[in-house]
Amino acid sequence: MADIMIDCGGVKSLSEIFKLLSEPNRLRILCGLGLECQSVGSIVEETGLSQTNVSFHLRLLREAGLVRPEKRGPFVYYCLPNQKLLELLEDFRAWTETLERPDQCKEAG
């Protein structure tokens, strides 16, 4: 068994992050950002979401510290705070491919 202990505050904080990440459009935004800052317009083009929808998701991601806004003149660009978040997302994606799901199992015999 792992020696990882998360206190109650840590579990709550982690569950809030997972709740944010459970929305597919937010994951699409995060995975599309990378470390290069992008304008809302670029994110709209890349995701195919409306500007209102992208702005809504970016606000939630910003408040959680998952994206970093950068003001450039009259525009705001968004990027990930560091490479670690992309690495974690990729690790989770790879891990999910190793899971054995009931609908993938064949009955023995």
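Residues numbered from 1 in each chain as written. Predicted model: local features only at pLDDT ≥ 70, side-chain atom pairs only at ≥ 80, totals over all residues. Heavy atoms only, no water.

Q: Describe the side chain of Thr47, naming the residues involved and giving the relevant values.
A: Its location among the elements puts Thr47 in helix α3 (residues 40–47). A relative accessible area of 10% means that Thr47 is categorised as buried. A polar contact is formed between the side chain of Thr47 and the backbone nitrogen of Leu49, at a distance of 3.2 Å. Residues in contact with Thr47, not counting those within four places in the same chain, are Arg28, Ile29 and Val54. (Helix = DSSP H or I, 4+ residues; strand = E, 2+ residues; numbered from the N terminus. Buried < 20%, exposed > 50% of the residue type's maximum accessible area, 1.4 Å probe, protein only. Polar contact = N/O pair within 3.5 Å; in protein donor to acceptor, adjacent residues only side chain to side chain. Contact = heavy atoms within 4.5 Å.)

Q: Describe the pattern of salt bridges, naming the residues involved and giving the relevant values.
A: Taken as a whole, this structure holds six salt bridges when the rule is applied. One continuous salt-bridge network, built from bridges that share partners, spans Arg68, Glu70 and Arg72. (Salt bridge = Lys/Arg side-chain N within 4 Å of Asp/Glu carboxyl O.)

Q: Account for the pairing of strand β2 (residues 68–72), naming residues and giving values.
A: Regular strands place their side chains on alternate faces of the sheet. As paired strands, β2 and strand β3 (residues 75–79) are joined by five bridges and run antiparallel to one another. Bridging across to β3, Arg68 finds its partner in Cys79. Hairpin geometry of β2 and β3 is characterised by an intervening segment of two residues between the two adjacent antiparallel strands and by a positive phi of about 65° at Gly73. (Pairing = 2+ DSSP bridges.)

Q: An account of the state of the cysteines is needed here, citing residue identities and associated values.
A: According to the stated counting rule, one finds one disulfide in the structure shown. Residue Cys37 pairs covalently with Cys79 via a disulfide, S to S 2.4 Å. Remark: Cys79 occurs in strand β3 and Cys37 occurs in the loop between α2 (24–33) and β1 (38–39); sequence separation between them is 42 residues. Across the pair, Cys79 and Cys37 agree in class, each one buried. (Disulfide = S-S within 2.5 Å.)

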